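# Structural overview
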Amino acid sequence: LSLCQKRMEKITDCKLQPFRSFYRIYGPDCKLPPHIDSEDLQYSATINMGTKGPKDYCWPIYVGEGEERENILLHPGDALVYSGSRIRHGRDKFLGVYQTQLFLHYKEKT
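Values in this document were obtained by computation on a predicted structure and should not be read as measured data.

A few words on helix 1 (residues 5-12). Looking at helix 1, one finds that the buried residues are Gln 5, Met 8, Glu 9 and Thr 12. The buried residues of helix 1 occupy one face: seen down the axis, they fall within an arc of 100°. Residues of helix 1 that are exposed and point over 90 degrees away from its buried face: Lys 6, Arg 7 and Lys 10. Along its buried surface, helix 1 packs onto strand 1 (16-26), strand 3 (43-52), strand 6 (79-82) and strand 8 (98-108).

The topology assignment puts Leu 32 in strand 2 (residues 32-35). Given a relative accessible area of 17%, Leu 32 falls into the buried group. Leu 32 sits 62 residues away from Phe 94 along the chain, and the two C-alpha atoms are 9.2 Å apart. Leave out the neighbours within four places in its chain, and Leu 32 touches Tyr 62, Gly 90 and Arg 91.

Here the focus is the packing of aromatic side chains. Taken as a whole and judged by the stated rule, the model has four aromatic pairs. Note on Phe 22 and Phe 103: the rings are 4.7 Å apart at their centroids and 20° apart in plane angle, and the pair reads as stacked. Placement of Phe 22 in strand 1 and of Phe 103 in strand 8 is noted, with a sequence separation of 81 residues between them. We classify Phe 22 as partly exposed; its relative accessible area is 29%. Using a relative accessible area of 8% as the deciding quantity, one classes Phe 103 as buried.

Reading guide: rules and limits
- Residues numbered from 1 in each chain as written.
- Predicted model: local features only at pLDDT ≥ 70, side-chain atom pairs only at ≥ 80, totals over all residues.
- Heavy atoms only, no water.
- Buried < 20%, exposed > 50% of the residue type's maximum accessible area, 1.4 Å probe, protein only.
- Helix = DSSP H or I, 4+ residues; strand = E, 2+ residues; numbered from the N terminus.
- Arc of directions from axis to C-beta.
- Contact = heavy atoms within 4.5 Å.
- Phe/Tyr/Trp six-rings, centres within 6.5 Å; stacked < 30°, edge-to-face > 60°.

Here's what the structure looks like:
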C-alpha cells in the first residue's frame, strides 16, 4: 500500500491514506456479482498477478450499469484504478483454471 500511494495520489489527484489490501485466488466458475464497495474503499487498484486458462483468455472486469457497462481486460501485471465506492463493478463467470488478484484500497485524507 505504501509503495503505491504516491502513484495512486497522482492518478486520482487526491491525498490518500492506505486503508486495506488483500490477495485473492479465483478458481473455475467464480463470479463477482455487480456491486458498489463500502464508503471506506474510495479508491482502489485491482492488479492481475497471474492467470492460467485457455490460450489468450483474459477475464474481463466490468464497470458501469446495465447497457452502459464497459468490459476491461487486465493481463498479468495490468492494473485498473477505480472508485469502487461510486462505480458498480463485477465479473461474469471465470472460464480459466485460476487467476490471482491483488487489491489495494485507499481513502481520501481528511
